[in-house]
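Spelled out from the first residue to the last, the chains are:
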Amino acid sequence: MAAGQRRHSFLEKRDYQVSRPNLQVALDHSDLPSAIADVVKVGAEVDIIEVGTILCLQAGEVAIQSMRALFPDKRVIADTKCADAGGTVAGNCRRAGADWMTVICCATLPTMIAAAKEVKEVQVELYGDWTFEQAQTWLEVGISQVIYHQSRDALFAGESWGEKDLEKVKRLIEMGFRVSVTGGLTIETLKLFSDLEVFTFIAGRGITEAKDLALAARAFQEEIKRIWE
Ligand code: 5RP
């Protein structure tokens with residue numbers, strides 16, 4: 001086994017095996033036509049397509065159905081950040097074509113468990129106050145994905161990625177989570193995580209606000225390969 005593969009053996013789980021972090025594009029558009037126009041340009045360049053929270057709220061079911069129809073072989077995620085009625089929301093997402101969906105970290109365990117029964121996997125979005133003790137309870141009920149987030153509003157308020165974030169991401173990985181990282185990511189930000197086994201980098205505006213979306217996604221992929229392969 002090559003050194004790169006050994007280093008990232010954490011990624012050999014469930015129905016997929018990758019040797020480096022995935023790249024996920026977040027479609028946080030306020031209308032479906034512009035999301036479709038962008039995903040057509042960039043979908044082939046990324047590993048995972050996310051119907052972002054903003055788009056979920058505007059055009060949820062049809063947006064998920066559209067992504068599934070356009071990219072039948074890609075993993076599609078509904079970023080619902082679901083707080084309640086987990087089973088119902090997850091069932092709706094699954095029927096529309098989503099593989100995975102997100103729940104917010106303050107949702108109750110029963111909400112998360114109900115959601116996890118309906119979709120292939122649930123990811124817990126870490127926002128605001130949460131604890132490692134809580135995170136342990138998610139693992140114990142079989143939820144092994146979290147999304148470590150710098151919120152858009154925190155970034156607007158002047159927050160940036162730093163040591164405090166890296167330490168938390170590291171600890172979550174050591175606990176056994178597959179950890180996705182997101183929030184204002186740029187190509188330059190990726191190297192901050194170079195010592196960590198990040199599962200997926202989720203980029204929204206870093207791709208969708210670029211002049212050439214495909215080129216931007218390719219640049220993310222190249223930097224991921226440069227660092228992790
Ligand atoms: C906001 C989100 C975004 O989809 C995610 O953070 C990516 O967006 P960006 O790269 O534009 O910050 O989940 O809640």
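Structure shown above.
Structure report, in brief. Note that the structure is a prediction, hence the values are computed from the model and not measured. (Residues numbered from 1 in each chain as written. Predicted model: local features only at pLDDT ≥ 70, side-chain atom pairs only at ≥ 80, totals over all residues. Heavy atoms only, no water.)

## Here's the deal with the site of the ligand
Okay, step 1: In the region of the ligand, 14 residues are neighbours, and Asp-28, Tyr-127, Gly-184, Gly-204 and Arg-205 sit closest.
Okay, step 2: Here an oxygen atom of the ligand sits 2.9 Å away from a polar atom, N or O, in the side chain of Lys-81.
Okay, step 3: Backbone polar atom of Gly-184 to an oxygen atom of the ligand: 2.7 Å apart, as the coordinates give it.
Okay, step 4: Considered on its own, the ligand offers 380 Å² of accessible surface; in the complex 93% of this is hidden by protein.
Okay, step 5: Classifying every residue of the shell around the ligand by side-chain character gives three nonpolar, five polar and six charged. (Near = heavy atom within 4 Å. Polar contact = N/O pair within 3.5 Å; in protein donor to acceptor, adjacent residues only side chain to side chain. Areas by Shrake-Rupley, 256 points an atom, 1.4 Å probe, with all protein chains shown as cover. Nonpolar A, V, L, I, M, F, W, Y, C, P; charged D, E, K, R; others polar.)

## Comments concerning unusual backbone geometry
Okay, step 1: Unusually for a residue other than glycine, Lys-81 sits at a positive phi of about 45°.
Okay, step 2: Here Lys-81 is to be found in strand 3 (residues 75-82).
Okay, step 3: Phi at Ala-85 takes a positive value of approximately 55°, unusual for a residue other than glycine.
Okay, step 4: Mapped onto the elements, Ala-85 comes out in the loop between strand 3 and helix 4 (86-96).
Okay, step 5: Given a relative accessible area of 41%, Ala-85 falls into the partly exposed group. (Helix = DSSP H or I, 4+ residues; strand = E, 2+ residues; numbered from the N terminus. Buried < 20%, exposed > 50% of the residue type's maximum accessible area, 1.4 Å probe, protein only.)

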